[in-house]
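Overview (structure and organization)
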Amino acid sequence: MPFNIQAFISQIDVVKGMMPASKFEVRIFIRNNSVLNRLLNTDYISFFAFSADIPGINSTTENIFLNGYGRVNEIPVRPNISECDIEFYMDESNTAYELFYTWISNVINLDGNNYKFRNSARDSYYDEVFYATDYYADVVIDVYGNTNKLFSVQLLDAFPLSLTGIGLDWNNIDLNATGEVKLCFRSMKISFASTGGAS
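This one's a predicted model, so the numbers in the text were calculated from it and none came from an experiment.

1. A few points about the pairing of strand β4 (residues 57-65)
Summarising the sheet, β4 and strand β5 (residues 72-81) pair through 9 bridges and their orientation is antiparallel. Note on β5: the bridge partner recorded for Asn 63 is Glu 74. Between β4 and β5, which pair antiparallel and follow one another directly, the connecting turn spans 6 residues, one of which, Gly 68, has a positive phi of 85°.

Shown next as structure tokens:
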């Protein structure tokens with residue numbers, strides 16, 4: 001059957017158009033993280049990220065013989081969920097970068113001052129990590145269509161796995177400085193605004 005472009009266009013109208021990739025908001029809930037809460041003294045921070053990845057999902061499988069012989073079958077044994085990469089703009093108040101630097105400093109020891117019995121950064125050891133309950137925070141990514149919110153992605157008990165370096169260059173006088181953070185999390189939950197069935 002030949003492809004019918006008019007039928008395709010009519011289906012776009014049925015689903016009220018296509019979802020834009022540029023309408024989203026990132027919120028980090030820091031109310032239960034005592035260190036980050038002291039830094040900003042708020043329940044959550046919302047900032048302009050110019051790029052955010054909704055984590056992907058796949059399954060790890062194993063090959064088995066269901067009857068002990070014959071055809072090899074693949075069965076899923078555990079789910080794998082990718083990390084969440086967020087690229088953000090550096091603001092004049094340095095709020096975003098300070099937040100992520102302070103946050104990752106509560107995952108791994110970057111500053112000897114985090115320990116009362118150390119007097120300087122020379123005494124710090126990079127192989128020391130803190131307790132998970134001290135650095136967990138929830139992250140919510142709200143995704144919008146052209147007229148309303150489509151779904152929300154909750155990253156529960158998230159923490160930064162990496163914070164990229166900041167590239168500075170005298171030749172980039174017309175560009176804004178940016179950073180990128182990679183988040184891990186214990187679990188993910190997606191809440192859809194509508195429950196319309198797929199067709």
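2. Brief notes about the environment of Phe 151
By the element assignment, Phe 151 lies in strand β8 (residues 149-163). Residue classification places Phe 151 among the buried residues on the basis of a relative accessible area of 15%. Sequence separation of Phe 151 and Phe 192 is 41 residues, and the distance between their C-alpha atoms is 4.3 Å. Apart from residues lying up to four places away in sequence, Phe 151 is in contact with Met 19, Ile 141, Asp 142, Val 143, Ile 190, Ser 191, Phe 192 and Ala 193.

3. Description of the pattern of salt bridges
Tallying each qualifying case throughout the model produces 4 salt bridges. Asp 142 is paired through a salt bridge with Arg 27; the nearest N and O atoms lie 2.7 Å apart. One end of the pair, Asp 142, is in strand β7 (residues 137-144); the other, Arg 27, is in strand β1 (residues 24-29), with 115 residues separating them in the sequence. Residues Asp 142 and Arg 27 agree in their burial class; the two are buried. With its nearest N and O atoms 3.8 Å apart, the salt bridge here joins Asp 142 to Lys 149. The network of salt bridges with shared partners includes Arg 27, Asp 142 and Lys 149.

4. Remarks on the nonpolar core
Counting residues in hydrophobic clusters, the biggest one holds 32 residues, and the most contacted among them are Ile 28, Phe 47, Ile 86, Trp 103, Val 139 and Leu 155. Among the elements of the structure, β1, β2 (44-47), β6 (84-89), α3 (95-105), β7, β8 and β9 (178-184) are those that each provide at least two residues to this core. Sort the elements by how many residues they give to this core and β8 lands first, with 5 residues. If we ignore the near neighbours within four places in the chain, the residues touching Trp 103 are Ile 28, Asn 33, Leu 36, Tyr 135, Ala 137, Val 139, Ala 158, Phe 159, Pro 160 and Leu 183.

5. Examining a nonpolar patch on the surface
On the surface, Ile 54, Ile 190 and Phe 192 cluster together to form a nonpolar patch covering roughly 270 Å² of accessible area. Within the secondary structure, Phe 192 is located in strand β10 (residues 187-192). By relative accessible area, Phe 192 is classed as exposed at 57%.

6. Remarks on the packing of aromatic side chains
The geometry of an aromatic ring pair is captured by two quantities: the separation of the ring centres and the angle between the planes. Under the definition given, this model contains 9 aromatic pairs. With 4.7 Å between their ring centres and 45° between their planes, Phe 50 and Tyr 89 make a pair best called tilted. Here Tyr 89 lies in strand β6 and Phe 50 lies in strand β3 (residues 49-52), a separation of 39 residues in the sequence. Judged by relative accessible area, Phe 50 falls into the partly exposed class, the value being 35%. A cation over a ring is seen here: Arg 27 above Tyr 44, with NZ or CZ 5.6 Å from the ring centre.

7. Considering the state of the cysteines
A disulfide bridge is the covalent bond that connects two cysteines by way of their sulfur atoms. One pass over the full model with this rule turns up 0 disulfides. Free of any disulfide, Cys 184 has its nearest neighbouring cysteine sulfur in Cys 84, separated by 9.9 Å. Accessibility expressed as a relative area gives 16% for Cys 184, which makes it buried.

The rules behind the values
Residues numbered from 1 in each chain as written. Predicted model: local features only at pLDDT ≥ 70, side-chain atom pairs only at ≥ 80, totals over all residues. Heavy atoms only, no water. Pairing = 2+ DSSP bridges. Helix = DSSP H or I, 4+ residues; strand = E, 2+ residues; numbered from the N terminus. Buried < 20%, exposed > 50% of the residue type's maximum accessible area, 1.4 Å probe, protein only. Contact = heavy atoms within 4.5 Å. Salt bridge = Lys/Arg side-chain N within 4 Å of Asp/Glu carboxyl O. Core = buried A, V, L, I, M, F, W, Y, C linked by side-chain atoms within 4.5 Å. Patch = residues over 30% accessible without salt bridge, like charges linked within 9 Å, V, L, I, M, F, W, Y side chains within 5 Å. Areas by Shrake-Rupley, 256 points an atom, 1.4 Å probe, with all protein chains shown as cover. Phe/Tyr/Trp six-rings, centres within 6.5 Å; stacked < 30°, edge-to-face > 60°. Lys NZ or Arg CZ within 6 Å of the ring centre and 35° of its normal. Disulfide = S-S within 2.5 Å.

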